[in-house]
Amino acid sequence: MGVSTSTRTHRKGTHVSDRHEHPHHHHHSTGLRHRLSHLLTPHSHETADKVDPALESSARGMRALWVSLAVLGVTALAQAVVVAASGSVALLGDTVHNAADALTAVPLGIAFVLGRRAATRRFTYGYGRAEDLAGLVIVLTIAASAAFAGWTAIDRLLDPRPVQHVPAVAVAALVGFAGNEWVARYRIRVGRAIGSAALVADGLHARTDGFTSLAVLLGAGGSALGWQLADPIVGLAITAAIALVLRDAAREVFRRVMDAVDPALVDRAERALTEVPGVRGVGELRLRWIGHRLRAEVAVVVDGDVTVRQAHRIAVDAEHALLHAVPRLTAALVHADPEPAPGEADPHLPLAHHAAA
């Protein structure tokens with residue numbers, strides 16, 4: 001008879017691979033074209049992109065995240081004071097954008113704290129899914145900020161009014177740029193020091209947001225020249241930028257809730273498994289995110305004449321190969337199926353009626 005065995009591992013830490021990749025990784029050698037492309041591309045608010053092993057394990061990295069978000073909060077508060085005095089809807093759009101970025105720290109922080117809790121008999125996979133709930137809160141926050149900024153800008157277009165205290169609006173725009181640029185430099189410096197690609201990418205995103213703040217200067221300049229529509233037009237442009245971020249974030253959160261993964265990760269896992277000695281084929285392979293970590297379930301085909309111990313050894317080797325090949329994979333369930341012999345009935349036949357149902 002054939003042998004079927006499986007191996008399961010549970011790890012509290014995050015596996016670090018030499019081949020770890022991050023979709024937002026940048027280098028000093030990046031050319032102007034790539035920088036402009038990054039500037040015009042909406043950044044992701046996906047929770048998995050906010051944390052990587054270096055950031056999560058470093059107290060310095062987490063402190064940098066919270067300090068920089070506090071600076072963004074203070075920046076937004078200072079801008080809000082000028083918004084109340086001036087009535088600038090362009091500055092309002094930039095303010096709610098900075099405030100929304102700062103407020104995302106709250107659900108993310110709660111999710112990270114919950115995610116570190118050990119699995120229980122009720123929550124057998126742990127609490128990593130709290131990050132998906134945080135993602136939903138972030139999407140709703142961005143949507144609310146976009147709707148508020150857009151509605152205000154359209155109202156001002158329909159009922160133009162002069163912007164008061166134009167010099168103060170210009171100064172507030174520069175404050176927004178300075179706050180984002182300081183955060184950018186701080187995050188990039190700490191991120192490179194601790195080896196966190198996520199923190200470096202967040203720093204680059206803050207730099208992009210700084211240019212959004214500079215756009216407010218265009219509205220202030222138009223208002224100073226007597227063009228009342230300049231301010232709401234710039235406000236609509238900022239609203240459009242927020243909407244692009246919303247689209248990107250909503251797509252990522254929807255995919256995560258639906259257990260979507262990058263097909264390239266599946267291809268990488270299959271290639272790694274086929275290179276394991278003793279694996280004669282790869283059957284069903286599933287990957288899913290739980291928080292910012294991946295889990296895998298896979299069936300591999302082995303020689304039907306090997307012993308249980310030998311099949312288990314192959315399964316362990318297969319799991320080991322997966323952990324090294326797939327970034328952020330921290331747990332795997334590997335099931336070993338015997339290679340079918342001529343005339344042998346399918347060993348999974350007793351389960352067929354369950355699959356059909």
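(A) Local environment of a nonpolar patch on the surface. A cluster of nonpolar side chains, namely L133, L136, F254, V257 and M258, defines an oily patch on the protein surface of about 520 Å² accessible area. Relative to the helices and strands, M258 resides in the loop between α9 (230-257) and α10 (263-274).

(B) Just the pairing of strand β3 (residues 293-302), in detail. For β3, a buried count of 8 out of 10 residues is recorded, marking the element as mostly surrounded by other parts of the structure. Pairing between strand β2 (residues 281-290) and β3: 8 bridges, direction antiparallel. Residue L287 lies in a different strand from β3, and its bridge partner there is A296. Joining the antiparallel neighbours β2 and β3 is a turn of 2 residues, in which G291 adopts a positive phi near 70 degrees. For the crossover that starts at β3, traverses helix α11 (residues 308-325) and ends in the parallel strand β4 (residues 329-338), the hand is right-handed.

(C) Here's a closer look at the packing of α10 against α11. With their axes 9 Å apart at the nearest point, α10 and α11 run at an angle of 140 degrees to one another. In terms of their interaxial angle, α10 and α11 are classed as oblique. Crossing geometry of α10 relative to α11 is assigned as right-handed. Touching R268, A269, A272 and L273 of α10 are A318, A321, L322 and A325, all from α11. Of the residues contributing to the contact of α10 with α11, the split by class is 7 nonpolar, no polar and 1 charged.

(D) Highlighting the pattern of salt bridges. Counting across every chain of the model gives 11 salt bridges. Residue D259 pairs with R288 through a salt bridge whose shortest N-O separation is 3.2 Å. One end of the pair, D259, is in the loop between α9 and α10; the other, R288, is in strand β2, with 29 residues separating them in the sequence. Between R286 and E284 there is a salt bridge whose closest N-O contact spans 3.0 Å. Take R286: its relative accessible area is 49%, and that puts it in the partly exposed class. According to the relative accessible area criterion, E284 is exposed, its value standing at 52%. Taken together, the shared-partner salt bridges connect R129, D132, D259 and R288 into one network.

(E) Representation of the confidence of the model for the protein in the model. On average, residues of the protein carry a pLDDT of 79, and 81% of them reach 70 or more. Scored below 50 in pLDDT, residues 1-48 shows 118 contacts in the model against residues more than four places distant or in partner chains.

(F) Local environment of the environment of F148. You can see F148 is positioned in helix α6 (residues 130-158). F148 gets classed as partly exposed once you look at its relative accessible area, which sits at 42%. F148 sits 52 residues away from V96 along the chain, and the two C-alpha atoms are 8.4 Å apart. The residues contacting F148, other than those within four sequence positions of it, are L92 and V96.

(G) Quick peek at the packing of aromatic side chains. Enumeration according to the criterion identifies 3 aromatic pairs in this entry. With a centroid separation of 4.8 Å and an interplanar angle of 35 degrees, the aromatic rings of F123 and Y127 are classed as tilted. A relative accessible area of 16% means that Y127 is categorised as buried. Residue placement shows R288 over the ring face of Y125; its charged tip is 5.8 Å from the ring centre.

Reading the values: the criteria
- Residues numbered from 1 in each chain as written.
- Predicted model: local features only at pLDDT ≥ 70, side-chain atom pairs only at ≥ 80, totals over all residues.
- Heavy atoms only, no water.
- Patch = residues over 30% accessible without salt bridge, like charges linked within 9 Å, V, L, I, M, F, W, Y side chains within 5 Å.
- Areas by Shrake-Rupley, 256 points an atom, 1.4 Å probe, with all protein chains shown as cover.
- Salt bridge = Lys/Arg side-chain N within 4 Å of Asp/Glu carboxyl O.
- Helix = DSSP H or I, 4+ residues; strand = E, 2+ residues; numbered from the N terminus.
- Buried < 20%, exposed > 50% of the residue type's maximum accessible area, 1.4 Å probe, protein only.
- Pairing = 2+ DSSP bridges.
- Right-handed = clockwise from strand over helix to strand, strands pointing away.
- Axes fitted to C-alpha atoms, helices over the stretch in contact; angles between N-to-C directions.
- Parallel < 35°, antiparallel > 145°, perpendicular 65-115°, else oblique.
- Left-handed = near helix turned anticlockwise from the far one by under 90°.
- Contact = heavy atoms within 4.5 Å.
- Nonpolar A, V, L, I, M, F, W, Y, C, P; charged D, E, K, R; others polar.
- pLDDT = per-residue confidence, 0-100.
- Phe/Tyr/Trp six-rings, centres within 6.5 Å; stacked < 30°, edge-to-face > 60°.
- Lys NZ or Arg CZ within 6 Å of the ring centre and 35° of its normal.

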